[in-house]
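Chains, contacts and geometry: an overview
In case you want the letters, here they are:
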Amino acid sequence: MSPSTRTVSDPAYYSSAMSYHEWKREPTLSSVLFGLHMPYRKPQSPIAQFFWRRRVWIEVTFALSMLEPWEKLVVVFVIYAALLLLAVGCVLYLPQHLSFLHARAAYYFFGSADPSAAASDSLDRLKHAASWGLNASLANVSSLRSSLVGLGTSWGAASSSEL
């Protein structure tokens with residue numbers, strides 16, 4: 001007997017995996033998030049549609065639809081545990097870290113960890129530095145102008161004496 005004409009003794013092999021009623025069932029948000037079997041139909045609510053699309057993307061990307069239910073349960077448990085740990089870390093650690101980053105940025109910008117005390121001092125230093133740079137630039141321009149004027153008169157005198 002060839003492999004294509006061989007019959008399988010298991011009757012569930014020839015039956016569909018789910019009934020027509022199950023296939024037409026409208027999925028809810030909880031079935032999209034926590035159900036082991038992926039709903040085939042798209043939910044009606046926009047929030048459930050968002051999570052349904054993400055679940056379809058994850059199941060297709062990581063081939064979760066090929067796993068047995070207990071394997072899928074382990075993978076989903078690990079993913080939810082990792083997301084829970086990430087959320088707890090953000091809630092507990094992130095405010096403290098943002099405060100630290102704010103103090104560090106204030107130190108770099110103002111020269112002190114207290115931005116209110118150092119703001120006026122840093123603005124005075126900035127104004128002084130800008131005026132020094134402007135004064136230095138004006139001095140350079142005037143010295144360049146005087147040297148060009150001096151060069152122009154000596155150059156013009158030399159060129160007129162040659163003629």
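Residues numbered from 1 in each chain as written. Predicted model: local features only at pLDDT ≥ 70, side-chain atom pairs only at ≥ 80, totals over all residues. Heavy atoms only, no water.

1. Examining the environment of Q44
Relative to the helices and strands, Q44 resides in the loop between α2 (29-34) and α3 (46-61). Residue Q44 is classed as exposed on the basis of its relative accessible area of 60%. In this structure, the C-alpha to C-alpha distance between Q44 and P27, residues 17 residues apart in sequence, is 8.3 Å. For Q44, the residues in contact, after removing those within four places along its chain, are E26 and Q49. (Helix = DSSP H or I, 4+ residues; strand = E, 2+ residues; numbered from the N terminus. Buried < 20%, exposed > 50% of the residue type's maximum accessible area, 1.4 Å probe, protein only. Contact = heavy atoms within 4.5 Å.)

2. Some details on unusual backbone geometry
Even without being a glycine, A63 presents a positive backbone phi close to 55°. With respect to the helices, strands and loops of the structure, A63 is situated in the loop between α3 and α4 (69-110). Judged by relative accessible area, A63 falls into the partly exposed class, the value being 34%.

3. Brief notes about the layout of surface pockets
Its volume calculated, the largest pocket comes out at about 360 Å³. L33, R55, I58, V76 and Y80 are, among the 17 residues lining the largest pocket, the residues nearest its centre. Within the residue set of the lining of the largest pocket, elements represented by two or more residues are α2, α3 and α4. Sorting elements by how many residues they give to the lining of the largest pocket places α4 first, with six residues. Looking at the lining of the largest pocket residue by residue, the classes come out as 12 nonpolar, one polar and four charged. (1 Å grid on protein atoms, 1.4 Å probe; cavity = no way out; pocket = protein on both sides within 12 Å on 5 of 7 lines; lining within 4 Å. Points joined across faces, edges and corners; volume = space filled by probe spheres on them. Nonpolar A, V, L, I, M, F, W, Y, C, P; charged D, E, K, R; others polar.)

4. Considerations on the pattern of salt bridges
Under the definition given, this model contains two salt bridges. Residue E59 is joined to R55 by a salt bridge in which the shortest nitrogen-to-oxygen separation is 3.0 Å. Within this pair, E59 and its partner R55 are both found in helix α3, separated by four residues, close to a single helical turn. With its nearest N and O atoms 3.6 Å apart, the salt bridge here joins K72 to E59. Residue K72 is found in helix α4, and its partner E59 is found in helix α3; the two are separated by 13 residues along the sequence. Like K72, the residue E59 is buried in the burial classification. The network of salt bridges with shared partners includes R55, E59 and K72. (Salt bridge = Lys/Arg side-chain N within 4 Å of Asp/Glu carboxyl O.)

5. Considering α4
An ideal rise of 1.5 Å per residue puts 62 Å on 42 residues; α4 measures up with 58 Å between its terminal C-alpha atoms. Phi turns positive one or two residues past the end of α4, at G111, with a value near 85°. (Expected span 1.5 Å × (residues − 1).)

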